[in-house]
Structures are given as C-alpha cells and as structure tokens.
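# Structural overview
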Amino acid sequence: MDEDVRHLLEQRRYSQALERLLNLYETKVFRMALGILNDTGRAEEVTQDIFLKLWQAFPAYDGRASLGTWLYAIARNTCLSASRSESYRKTVPLDIPTEPAAPATGSRDIELTQCIDRLPEIQRQVITLFYLQDKSVAEVARMLALPDGTVKSHLHRARVALATMMKG
Amino acid sequence: MDCQETQESILDSLVESLATERYLAMENHLAGCETCSSFAKVQHTLDSRLAAAVPLARPSPGFRASLRKRIQCDPEALWSDFLPDVAHLVGCVLVIALSLFLLPFSSRSVILAGLVFTSGTYFLQAALRGALSGLS
C-alpha cells in the first residue's frame, strides 16, 4: 500500500495520495493525538493540522523514510507542540458545522481514568496508546519513536503503578 | 523461576505471547505462589478494565470535509502543484506572441513551431524534474 502512495506522490497526484493516507492512517493518527493530548476535540483539530502539514510537505517527500514513519514524525512533532502550547488555535469552524468526534465505545471507568491521569506523562501516553492502537507495542513504538523495549518497560511500570494506586 | 521473573512474565504476557517454555515455568510458579497468583489476578483485571475504559474514538463524520476545505484555502498548496506547469505555459505563450510580431514567417508556421516547442520543452522539463527529484 505504501508503494501505491509513493507512486502517486512521484506522479504528483497529491489529492489521491492524501485520500489513500487518510484511509490508512486517519484513525491511527487521531487516536495518537488523543493519547497524547487527552482531549477529543483538540485531538481532532491537531489531526487536521497534521494532515494539512503532510499535504504541504508532499512535494518535499524524498522517499527515504517509509511513509508511516514520515507521517508519524510529523504527527508526533505536531502533537508535542500542541501539548506544549497552552492556548491553541481553533481550526475546524469554517462553514462546516462542527460535529463531535464519534462517541467512544469504551465505558466510563472514572476511578481508572483518574488513576491514568496521575501517571507520569510518558507512561500515560504509552498505556493509552497501547489500548487505543489495538495493543500493538510496535505501532506505539513507531508513533513515539521509542524502541519496543522502552515501550514495554513504560507499560510494565504503568501497570504496576495503576495497580498500586487502585489498591490504595 | 522466582517471583520477580514470574511477575515480569505476567506483565510480558499481557503485551505479547510468551514462549512455551517461559509460559510453563510461569504457570508452574503461579500454581504454588499466592503472591504471584494475586499479582496475576490484579493485572488481568486491570487489563480488562483498561481495554474497556480507553475510548476507541474516531474522528467526527465531518473531519475529511473540513480538512479538504482547509486544504483548498491553503494558497501554498494550490501553487506548489501547478506552478511549474503554469510558469512554463505562460512563458511559451509569451514567446509565441512575441515571435508572431518579430519573426518574418507566416502566423501559422510560428504557431505550429511554438506548439511543437511548448510540448517538447514540457516533456523535457518534466523529465528533468523527475530526474532531480530522484537525485534529492
């Protein structure tokens, strides 16, 4: 699939390339933004920023990095700057009515959610992303540009910390 | 396998499937250790609760329409695609128009030569651009 998109980019068929990338990565990137930003509305705005940056960067894509790695690098940098900035730009409202992101399918476990929020930032991101991305350590590692082993070790620490918090 | 190794294996088993030998050693230890059994129980419950609690949210239905709208409003994006072609075409039209006034040939010949020149240079610059992007 990556090859198809590369081919489209070589032919400068950017709209089609974007459509393919949206089909492949839209939900993953949105969940990545959600995992990092912890706010559905903001995650959607930042996901739009990410794909807009990607669109603008298409002519500069040199094919050296895989498309997924390239996209995740843009996504990670955008999410991290968004999470750093206290005030963020409202992006969605043009003339399209704002709709809330699709409702979460997970049930509300307030006690657990509060405990997750108390974890150190990297552990919170890793454990949230792990469950958001279908329990794939490799995917989380690609998204956060961390070695698989580091992701596992953050996961382990987060689980132990959560168990301790919930006991207390 | 001691308690620390067993607990490490329990945590690993929640992330990936364990090798048979390691799995059997863990099970063996769990059968006789209450502390590790309790640890395993807590971790499995936590795993189920996490899986249920983390919202599998998706972007809103208007996400793509809104993104397309933003892309259309992005002047950089509009130009970056077509600028070389537009510049080439405008340049050729100007050269043909000037040639019509300056060259002592019939309009038909000048226009025909201009069209041949335009298509020739278009393919040349497209090939050059492809080669350059291949190099970079």
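The coordinates are above.
What counts, and where the lines are drawn
- Residue positions are counted from 1 within each chain, in the order its sequence is given.
- Following the order in which they are written, the chains are lettered starting with A and the ligands numbered starting with 1.
- Where local features are concerned, this predicted model is filtered to residues with pLDDT of at least 70; where side-chain atom pairs are given and counted, the filter is 80 or more; whole-chain, interface and lining totals use all residues.
- Under the DSSP-based scheme used, a helix requires at least four consecutive residues in state H or I and a strand at least two consecutive residues in state E, with every element numbered from the N terminus.
- A residue is called partly exposed when the number of other C-beta atoms within 10 Å of its own lies between 12 and 20, exposed at 12 or fewer, and buried at 20 or more, with C-beta atoms placed from the backbone.
- We call two residues in contact whenever the C-beta atoms placed from their backbones are within 7 Å.
- To get an axis, a line is fitted to the C-alpha atoms, and for a helix only the part in contact is used. The angle between two axes follows their N-to-C directions and goes from 0 to 180 degrees.
- Here the word oblique covers every angle except those under 35 degrees (roughly parallel), over 145 (roughly antiparallel) and from 65 to 115 (roughly perpendicular).

So, on to the overall build of chain A. Per the secondary structure count, chain A includes 8 helices and 0 strands. The order of α-helices and β-strands along chain A, N terminus first, is α-α-α-α-α-α-α-α. Expressed as a percentage of its 168 residues, the buried residues of chain A come to 38%. At a minimum sequence separation of 6, the contacts of chain A that also span at least 24 residues come to 62%.

Counting its secondary structure elements, chain B contains 6 helices and 0 strands. A burial count over chain B gives 15% of its 136 residues as buried. Here the contacts in chain B between residues at least 6 apart in sequence split such that 51% fall between residues at least 24 apart.

Take the environment of Cys92 of chain B next. All names here are of chain B. Its place among the elements puts Cys92 in helix α5 (residues 75-102). Sequence separation between Cys92 and Tyr122 is 30 residues; the distance between their C-alpha atoms is 9.7 Å. Beyond its immediate sequence surroundings of up to four residues, Cys92 is in contact with Gly114, Phe117 and Thr118.

This part is about the packing of helix α4 (residues 67-84) of chain A against helix α7 (residues 137-144) of chain A. Residue and element names in this part refer to chain A. In contact at an axis separation of 8 Å, α4 and α7 are set at 60° when each is read in the N-to-C sense. By the criterion of interaxial angle, the relationship of α4 to α7 is oblique. Taken together, the residues of α7 that come into contact with α4 (itself represented by Gly68, Thr69, Tyr72 and Arg76) are Arg142, Met143 and Leu144.

Most peptide bonds take the trans configuration, and most residues that are not glycine carry a negative phi. Here Arg12 of chain A, not a glycine, exhibits a phi torsion of approximately 60°, which is positive. In this fold, Arg12 of chain A is placed in the loop between α1 (2-10) and α2 (14-37).

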